[in-house]
Amino acid sequence: MIYNIVMINDSHMHSKAFSPDAEQTPEEIIATAAGLSLPFITITDHFDMDFPDKTCNWTFDLDTYGRTIPSLNEFSKQSHGPSVLMGIEIGWQEHLKDMIEETASSLPFDSVILAQHLFRGEDIYGCELLNTLSRRERNTEYIGFMAKMCRDIDGYDIAAHYDYICRYVNDSDCKVCYSDCPEEFDDFFDAIISRGKALEINTGTVLKLEKRGIRDSLPDAEVIRRYLHMGGKLITMGSDAHTSNNIAINFEKTAAYLKHLGVDDVYYYVGHEPKPDPEYRKLFR
């Protein structure tokens, strides 16, 4: 197999061992990441408590997870693969606040991603309600959810895919733009900046839009510029890969785009501490 060499650390991916919608084994993740020369990867499996889709189990045994990921790191080291960091992607719902905080502190995670996968209590994947609303209406409400989520909880490091809302709507004019809801975006940015949390740029969304033939698939430039203008510094890149061929997908072009917009560093997390990714700067020497 021939790989494009991207090397920037991928901070968001899922394994079939713990995420019911993933297709890649942990061993496939490690092999692909090694082929891409990624020095670090963070496995961030889904943990969505009280999720409306009851056909799958969206949580897992935390003790098993806490044993498995460190063992994968040892396996990867022996096979000259990347360092495997332990993350988790926790789905937010307001009534779960205490349980989310408890879960986030239950293991020595390197990073905790906080995500909003619901819209008015429905799974966004397959939510027909979204197709009855205008782009501005659904984006305003969703970014408002993101702001509330990020103020409601403290035990997270990264706010996941702010543009997740656009992935599964029928409307081709679906991109999440700052101009749709500037007040909500400012509230969201203030929530994460004031708490020292990171904004995730999720290249899985870029891929979804590309596959639908949407030419302007990269994140809205004004979203990035406004985040920086308000004092935001922490940005992570995550592929949200559920299959091994999507690990670090679109990283090089997205990184070049971020650099053009004035992003000097992207980060990954070790022990909840943000680390600037040296590979990002190397791309632009």
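Our subject is the structure listed above.
Here the structure is a predicted model, which is why all the values come from computation and not from measurement.

Moving on to the overall build of the chain. Along the backbone of the chain there are 9 helices and 10 strands. Since a compact globule built from 285 residues should have a radius of gyration of about 19 Å, the 18 Å found for the chain is in line with a globular shape. Over its C-alpha atoms, taken along the principal directions, the chain stretches across nearly 50 × 45 × 35 Å. Burial statistics for the chain: of 285 residues in total, 56% are counted as buried. Pairs at least 24 residues apart make up 75% of the contacts formed inside the chain by residues separated by at least 6 positions. Of the accessible surface of the chain, which amounts to about 12,100 Å², a share of 49% is contributed by carbon and sulfur atoms.

Following the criterion strictly, the structure yields 1 cavity of 30 Å³ or more and no others. Space inside the largest cavity adds up to approximately 50 Å³. What lines the largest cavity is simply Tyr162, Asp163, Cys166, Lys175, Val176, Thr205, Val206, Leu209, Ser217, Leu218, Pro219 and Asp220. Here the lining of the largest cavity is composed, by residue class, of 7 nonpolar, 2 polar and 3 charged.

Where side chains of opposite charge bring their charged atoms close, a pairing between them can arise. Overall, the coordinates contain 18 salt bridges when judged by the stated rule. As a salt-bridge pair, Lys253 and Glu210 come within 2.3 Å of each other at their nearest N and O atoms. A residue pair is termed long-range when its members are at least 10 positions apart, and Lys253 in helix α8 (residues 251-260) and Glu210 in helix α6 (residues 203-211) qualify at 43 residues. The class for Lys253 is partly exposed, based on a relative accessible area of 37%. Residue classification places Glu210 among the partly exposed positions, given a relative accessible area of 29%. Across the salt bridge formed by Arg225 and Glu222, the nearest N and O atoms sit 2.9 Å from each other. Taken together, the residues span about one helical turn, with Arg225 and Glu222 both in helix α7 (residues 221-229) at a distance of 3 residues.

Considered as a void within the structure, the largest pocket measures approximately 610 Å³ in volume. Asp21, Arg167, Tyr168, Lys208 and His242 are, among the 25 residues lining the largest pocket, the residues nearest its centre. Here the lining of the largest pocket is built from residues that sort into 8 nonpolar, 8 polar and 9 charged.

Our focus in this paragraph is the packing of aromatic side chains. A full pass over the atoms with the stated rule returns 14 aromatic pairs. For the pair Phe47 and Phe60, a centre-to-centre distance of 5.1 Å together with 80° between the ring planes defines the contact as edge-to-face. Here Phe47 is found in strand β1 (residues 40-47), whereas its partner Phe60 is found in the loop between β1 and α2 (62-78), with 13 residues between them in sequence. A relative accessible area of 11% places Phe60 in the buried class. Note on Phe51 and Trp58: the rings are 5.2 Å apart at their centroids and 55° apart in plane angle, and the pair reads as tilted. What makes Phe51 buried here is its relative accessible area of 6%. Among the aromatic residues, those joined into a ring-pair cluster are Tyr162, Tyr178, Phe185, Phe188, Phe189 and Tyr227. The residue whose ring lies beneath Lys197 is Tyr156, and the NZ or CZ to ring-centre distance is 4.9 Å.

How each quantity is defined
- Residues numbered from 1 in each chain as written.
- Predicted model: local features only at pLDDT ≥ 70, side-chain atom pairs only at ≥ 80, totals over all residues.
- Heavy atoms only, no water.
- Helix = DSSP H or I, 4+ residues; strand = E, 2+ residues; numbered from the N terminus.
- Rg over C-alpha atoms; globule rule 2.2 N^0.38 Å.
- Buried < 20%, exposed > 50% of the residue type's maximum accessible area, 1.4 Å probe, protein only.
- Contact = heavy atoms within 4.5 Å.
- Areas by Shrake-Rupley, 256 points an atom, 1.4 Å probe, with all protein chains shown as cover.
- 1 Å grid on protein atoms, 1.4 Å probe; cavity = no way out; pocket = protein on both sides within 12 Å on 5 of 7 lines; lining within 4 Å.
- Points joined across faces, edges and corners; volume = space filled by probe spheres on them.
- Nonpolar A, V, L, I, M, F, W, Y, C, P; charged D, E, K, R; others polar.
- Salt bridge = Lys/Arg side-chain N within 4 Å of Asp/Glu carboxyl O.
- Phe/Tyr/Trp six-rings, centres within 6.5 Å; stacked < 30°, edge-to-face > 60°.
- Lys NZ or Arg CZ within 6 Å of the ring centre and 35° of its normal.

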